[in-house]
Amino acid sequence: MNQPIQRRALLRAAAASAVLGPIGSQVARAQSTWPSRPVTMVVPFPAGGGTDAFARPMAASFARLSGKALVIDNRGGAGGTVGASIAAKAAPDGYTLFMGAVHHSIAPSMYPKLDYNIETDLVPLILVASVPQVVVVNPKNITAPDFKAFLAQVKANPGKLNYASAGSGTSHHLAGELFKQQTNTFITHIPYRGAGPALADLIAGNVDVMFDGLGSSAGHIKGGRIKPMMVSGAKRNPAFPDVPCAAEVGLPQYNVTTWYGVWAPKGTPADAQARAIEEIRKACSTDEAKGVWAAQGAEFPDITGPAFGQFVSAEVRKWAQVVKASGAKLE
């Protein structure tokens, strides 16, 4: 190689290293080393819940693009903290990942004796989905045609109606408590071991209401099995344009977002972290994944690394305030 060409090559390499940083440069040296075998993704809720609604399509795209399976390992229990604990203690070899959710930013305020710390024992990789909360009802139990009538029914029957959650301390639970605070109503809380079982009982009519992430409820809403009363936040969701938002029905402060992200155990090699981010980003950017996200009213935030970690820390602080104000406790 002559000197001018060699010099240009060195400059390009230096520039790439400066842009990518330490993790990126390690990736450049180890592009083919990860994944060399199937990767396990611990999902801390039973199959059929909101986390599954994004994890499984993502896993399918990951396998197709990377050539290696992303195996979903559902480990439900204790509001998602059992699975989080399992993932935090897994070998940090890059072959165990963890797909958690907003619930894991609430858990530190609800579970005083957690044996892991979401901010220090797991490495934040990428925020993959964000979706508004939706208030859904069993249409046979709640015959109200709209939110105004639904609220009137709730106020007329204090404690007689109940709502299901994915477990005490989950966003479903806290969203219900926040709703009760802001509407001055009382609905009995029924905790389940995940959104899947909770939704199944809502559909069966064993419970009346659920404050769910739109992602796991979307298919059942479209199938007519449950009925939406409103979505949280200040705007309607494009996937369900006929459903009013909280601000429209007089609850401008009712803004609850369900989000899902991927972590790795602390100590996972930097090159595996960076490759995982790259492969998950590609999996979430396929046309198939975009279609799934859109159908569930979700966005792909694509927030990675330290920025995702900062987001999680802010959520931990936010939910600590909600827990304190509501007096919510484990049941």
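Residues numbered from 1 in each chain as written. Predicted model: local features only at pLDDT ≥ 70, side-chain atom pairs only at ≥ 80, totals over all residues. Heavy atoms only, no water.

S.K.: Tell me what's going on with the pairing of strand β2 (residues 70-74), and back it up with residues and numbers.
M.R.: Bridging between strand β1 (residues 39-43) and β2 involves five bridges; their strand directions are parallel. Within β2, the residue paired with valine 39 across the bridge is leucine 70. In this fold, the crossover linking β1 to β2 by way of helix α2 (residues 50-66) has right-handed handedness. (Pairing = 2+ DSSP bridges. Helix = DSSP H or I, 4+ residues; strand = E, 2+ residues; numbered from the N terminus. Right-handed = clockwise from strand over helix to strand, strands pointing away.)

S.K.: Lay out the side chain of threonine 81 with the relevant residues and their values.
M.R.: Note on placement: threonine 81 falls in helix α3 (residues 81-88). In this structure the side chain of threonine 81 is engaged in a polar contact, spanning 2.7 Å, whose partner is the backbone oxygen of alanine 78. Once residues within four sequence positions are removed from consideration, threonine 81 is found in contact with His104, Ala107, Tyr111, Leu114 and Tyr116. (Polar contact = N/O pair within 3.5 Å; in protein donor to acceptor, adjacent residues only side chain to side chain. Contact = heavy atoms within 4.5 Å.)

S.K.: Please give an account of the pattern of salt bridges that cites residues and values.
M.R.: According to the stated counting rule, one finds 12 salt bridges in the structure shown. With a closest N to O distance of 3.3 Å, glutamate 278 and arginine 275 form a salt bridge. One end of the pair, glutamate 278, and the other, arginine 275, are both in helix α9 (residues 270-284), three residues apart, so they sit about a helical turn from each other. Relative accessible area serves as the criterion here: at 29%, glutamate 278 is assigned to the partly exposed category. Since its relative accessible area comes to 8%, arginine 275 is described here as buried. One salt bridge in this structure joins glutamate 279 and lysine 282, with 3.3 Å as the shortest N-O distance. Of this pair, glutamate 279 and lysine 282 both sit in helix α9, separated by three residues, roughly a single helical turn. Beyond isolated ion pairs, a larger network of salt bridges with shared partners links Arg275, Glu278, Glu279 and Lys282. (Salt bridge = Lys/Arg side-chain N within 4 Å of Asp/Glu carboxyl O. Buried < 20%, exposed > 50% of the residue type's maximum accessible area, 1.4 Å probe, protein only.)

S.K.: An account of the packing of α2 against helix α10 (residues 287-295) is requested, with residue identities and associated values reported.
M.R.: Taken N-terminus to C-terminus, the directions of α2 and α10 make an angle of 175°; their axes are 10 Å apart at the nearest point. Classed by the angle they form, the pair α2 and α10 counts as roughly antiparallel. Contacts between α2 and α10 involve Ala53, Phe54, Pro57, Met58 and Arg64 on the former and, on the latter, Glu288, Val292 and Trp293. The residue makeup of the contact of α2 with α10, split by class, is six nonpolar, no polar and two charged. (Axes fitted to C-alpha atoms, helices over the stretch in contact; angles between N-to-C directions. Parallel < 35°, antiparallel > 145°, perpendicular 65-115°, else oblique. Nonpolar A, V, L, I, M, F, W, Y, C, P; charged D, E, K, R; others polar.)

S.K.: Which residues make up the environment of leucine 251, and what values go with them?
M.R.: Position of leucine 251 among the secondary structure elements: in the loop between β8 (227-231) and β9 (257-265). Leucine 251 sits 167 residues away from alanine 84 along the chain, and the two C-alpha atoms are 33 Å apart.

S.K.: So what about the nonpolar core? Which residues, and what values?
M.R.: Counting 53 residues, the largest nonpolar core has Met58, Leu97, Met99, Val128 and Val262 as the members making the most contacts within it. Ranked by the residues each element gives to this core, the list is headed by strand β4 (residues 122-137), at eight residues. In this view, methionine 58 contacts Met41, Leu70, Met99, Val128, Val262, Ile280, Ala283, Cys284 and Trp293; residues no more than four positions away in its chain are not counted. (Core = buried A, V, L, I, M, F, W, Y, C linked by side-chain atoms within 4.5 Å.)

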